[in-house]
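Structure at a glance
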Amino acid sequence: MYACRCTQCRTTPPTVVTRRGVNEERTKFFHGGHVADGEQVMEPDKFNVFDVPRERWVVGTLMIVVILTGILSRLL
């Protein structure tokens with residue numbers, strides 16, 4: 001996900017998936033199609049598995065156990 005941030009007017013549009021999408025957002029909505037001084041494209045940090053909250057790990061693990069239990073109960 002990418003976002004474009006203008007440091008002059010301090011606005012940020014909704015995030016988009018590709019850099020091409022960022023360029024389209026810049027030309028459509030900001031400053032009448034002009035690129036303002038100080039405008040920058042922000043890239044997100046790389047995904048880190050350790051940033052996932054513990055609660056989501058617990059819920060994910062429980063879901064996997066339930067699914068596997070359902071599959072095994074039908075096979076046996």
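Data block above holds the structure.
All values reported here derive from a predicted model rather than from experimental measurement.

Turning next to the overall build of the chain. Broken down by element type, the chain carries two helices and two strands. In the chain, the succession of helices and strands from N to C terminus is β-α-β-α. Accessible surface, the chain: about 6,600 Å² in total, of which carbon and sulfur atoms supply 60%.

Tracing the backbone shows Val16 in the loop between strand E1 (3–6) and helix H1 (19–29). Considered as a pair, Val16 and Cys4 are 12 residues apart in the sequence and their alpha carbons are 9.2 Å apart. With residues up to four places along the chain from it excluded, the contact list for Val16 reads Met1, Tyr2, Gly21, Val22 and Glu25.

On the surface, Val59, Met63, Ile64, Ile67, Leu68, Ile71, Leu72, Leu75 and Leu76 cluster together into a nonpolar patch covering about 970 Å² of accessible area. Tracing the sequence through the fold places Leu75 in helix H2 (residues 54–75). Given a relative accessible area of 66%, Leu75 falls into the exposed group.

Procedures and definitions
Residues numbered from 1 in each chain as written. Predicted model: local features only at pLDDT ≥ 70, side-chain atom pairs only at ≥ 80, totals over all residues. Heavy atoms only, no water. Helix = DSSP H or I, 4+ residues; strand = E, 2+ residues; numbered from the N terminus. Areas by Shrake-Rupley, 256 points an atom, 1.4 Å probe, with all protein chains shown as cover. Contact = heavy atoms within 4.5 Å. Patch = residues over 30% accessible without salt bridge, like charges linked within 9 Å, V, L, I, M, F, W, Y side chains within 5 Å. Salt bridge = Lys/Arg side-chain N within 4 Å of Asp/Glu carboxyl O. Buried < 20%, exposed > 50% of the residue type's maximum accessible area, 1.4 Å probe, protein only.

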